[in-house]
Amino acid sequence: MDKTSQVDAVNKAQKYIKANLKKKMSLHEIALYSGYSPWHISKIFKGYTGKTIFEYIRSLRLTEAAKSLRDDSPAVVDVALEFIFDTHEGFTRAFSKEFGIPPKRYSVEAPLVKYFMPYPAFDNEKLTKGEKKMSEKSTVVFAQVIDRPARKAIIKRGIAADNYFDYCEEVGCDIWGELCSVKGALYEPVGMWLPKRMRAKGTSEYVQGVEVPADYSGAVPEGYELISLDACKVMIFQGPKYEEENFQEEIGKVMDAIDEYDPAPFGFLWADEDAPRFQYAPEGNRGYIEGRPVKLIV
């Protein structure tokens with residue numbers, strides 16, 4: 001089985017799990033959907049995700065259960081049944097082990113915890129060797145200007161990173177799950193390039209964070225920082241949908257298009273010192289999304 005086939009099989013298994021998360025699943029049906037035997041899909045799935053299929057299912061179910069408890073505050077027993085746990089007690093034990101807090105207490109306090117963030121499988125060797133050729137087709141990028149209100153952001157700074165990969169080397173890539181658990185966040189977590197005026201001495205240009213209301217009064221965990229962001233205009237760029245294993249190529253295309261874009265004909269100038277430039281987590285089903293601050297030409 002070549003690596004491309006392995007990646008496709010794991011991605012199929014992940015898609016099947018996501019679509020059937022609130023149903024009972026057997027290894028046989030997951031294997032059948034992926035196109036490989038139960039033994040083969042079990043082996044390669046753990047190799048690409050770091051978890052067995054049923055560890056992956058449990059972690060994903062617990063994370064979705066945590067989101068439900070955080071946002072909707074349903075009865076714990078109802079959440080346990082919704083996410084296919086046989087008993088209230090079994091769910092409570094699993095939840096407490098995963099997040100370090102019982103589900104009933106979590107639904108009230110909603111502290112920062114580490115959600116499980118599933119990432120699609122991809123051929124890392126092919127990406128690092130640069131074997132994937134850039135498409136000669138032009139990339140159509142949609143752009144629109146939106147208003148962001150005055151707000152705050154919970155961020156974690158790096159040391160010298162100016163991009164995602166260097167940031168992961170300095171800080172790690174596991175804080176995304178924590179940022180996704182912030183109750184009351186205005187939007188989903190982002191990677192940010194901070195303007196010079198927002199960088200503390202000896203810290204990175206690139207950070208990860210999540211925006212919260214200007215009157216946010218929740219906890220800021222150790223190692224994180226709460227910063228203020230002024231109201232601003234942001235030009236949002238969105239690329240086309242893409243296959244997950246092509247994410248680096250597709251991100252590069254959109255970033256190149258942004259760098260070449262001139263907002264002046266539409267009455268705007270770049271305003272990179274007014275607010276952070278930011279990127280959403282790349283997801284193939286929506287395309288790569290990046291925001292860059294602008295201001296009106298006066």
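First things first, this report covers the structure right here in the doc. Quick caveat: nothing in here was measured; it's all calculated off a predicted structure. (Residues numbered from 1 in each chain as written. Predicted model: local features only at pLDDT ≥ 70, side-chain atom pairs only at ≥ 80, totals over all residues. Heavy atoms only, no water.)

### Here's the deal with the layout of surface pockets
No. 1: Considered as a void within the structure, the second largest pocket measures approximately 250 Å³ in volume.
No. 2: What lines the second largest pocket is K24, M25, F54, I57, R58, R61, I84, F85, D86, T87, G90 and F91.
No. 3: Every element with two or more residues in the lining of the second largest pocket is listed here: α4 (53-72) and α6 (88-99).
No. 4: At four residues, the largest contribution of residues to the lining of the second largest pocket is made by α4.
No. 5: Counted by class, the lining of the second largest pocket contains six nonpolar, two polar and four charged residues. (1 Å grid on protein atoms, 1.4 Å probe; cavity = no way out; pocket = protein on both sides within 12 Å on 5 of 7 lines; lining within 4 Å. Points joined across faces, edges and corners; volume = space filled by probe spheres on them. Helix = DSSP H or I, 4+ residues; strand = E, 2+ residues; numbered from the N terminus. Nonpolar A, V, L, I, M, F, W, Y, C, P; charged D, E, K, R; others polar.)

### Let's talk about the pattern of salt bridges
No. 1: Under the counting rule described, the total for this entry stands at 17 salt bridges.
No. 2: The salt bridge involving D174 is made with K114; its shortest N-O contact spans 3.0 Å. Highlighted residues: D174 in the loop between α9 (164-171) and α10 (176-180) and K114 in the loop between α7 (103-109) and α8 (124-129), separated in sequence by 60 residues.
No. 3: By relative accessible area, D174 is classed as partly exposed at 41%.
No. 4: The shortest N-O distance in the salt bridge between D259 and R277 comes to 3.6 Å. One end of the pair, D259, is in helix α11 (residues 247-260); the other, R277, is in strand β8 (residues 277-280), and 18 residues separate them in sequence.
No. 5: Overall, the relative accessible area of 51% leaves D259 in the exposed class. (Salt bridge = Lys/Arg side-chain N within 4 Å of Asp/Glu carboxyl O. Buried < 20%, exposed > 50% of the residue type's maximum accessible area, 1.4 Å probe, protein only.)

### Side note on the pairing of strand β4 (residues 206-213)
Consecutive residues of a regular strand have side chains that alternate between opposite faces of the sheet.
No. 1: Among the eight residues of β4, seven are classified as buried, and the element is accordingly described as predominantly covered.
No. 2: Sheet topology places strand β2 (residues 151-156) next to β4; six bridges connect them, and they run antiparallel. From the neighbouring strand, K156 faces β4, where its bridge partner is Q208. (Pairing = 2+ DSSP bridges.)

### Here's the deal with α9
Every α-helix carries 3.6 residues per turn, so stepping three or four residues along brings you back to the same face.
No. 1: The residue sitting at the N-terminus of α9 and contributing the capping side-chain oxygen is N163; that oxygen lies 3.1 Å from the backbone nitrogen of F165.
No. 2: Downstream of α9 by a residue or two, G172 has a phi angle that is positive, lying close to 105 degrees. (Polar contact = N/O pair within 3.5 Å; in protein donor to acceptor, adjacent residues only side chain to side chain.)

### Re the packing of helix α2 (residues 27-34) against helix α3 (residues 38-49)
A pair of packed helices can be characterised by two numbers: the angle between their axes and the separation between those axes.
No. 1: One way to put it is that α2 packs onto α3 with a least axis distance of 9 Å and a crossing angle of 85 degrees. As judged from the angle between their axes, α2 and α3 are roughly perpendicular. Packed against α2, whose contacting residues are L27, A31 and S34, the element α3 presents P38, I41 and S42 at the interface.
No. 2: Within the contact of α2 with α3, the residues separate by chemical class into four nonpolar, two polar and no charged. (Axes fitted to C-alpha atoms, helices over the stretch in contact; angles between N-to-C directions. Parallel < 35°, antiparallel > 145°, perpendicular 65-115°, else oblique. Contact = heavy atoms within 4.5 Å.)

### Quick notes on the environment of Q14
No. 1: For Q14, the position within the fold is in helix α1 (residues 3-19).
No. 2: Q14 sits in the buried class, given a relative accessible area of 9%.
No. 3: Those residues in contact with Q14 that sit more than four places away from it in its chain are F45, T49, Y56, Y119, P120 and A121.

### Some remarks on empty space enclosed by the protein
No. 1: Taken as a whole and judged by the stated rule, the model has one cavity of 30 Å³ or more.
No. 2: Considering only enclosed or pocket space, the largest cavity measures out at about 40 Å³ in volume.
No. 3: Forming the boundary of the largest cavity are R148, Y187, E188, V190, V210, E211, F278 and Y280.
No. 4: Secondary-structure elements contributing two or more residues to the lining of the largest cavity are β4 and β8.
No. 5: Looking at the lining of the largest cavity residue by residue, the class counts come to five nonpolar, no polar and three charged.

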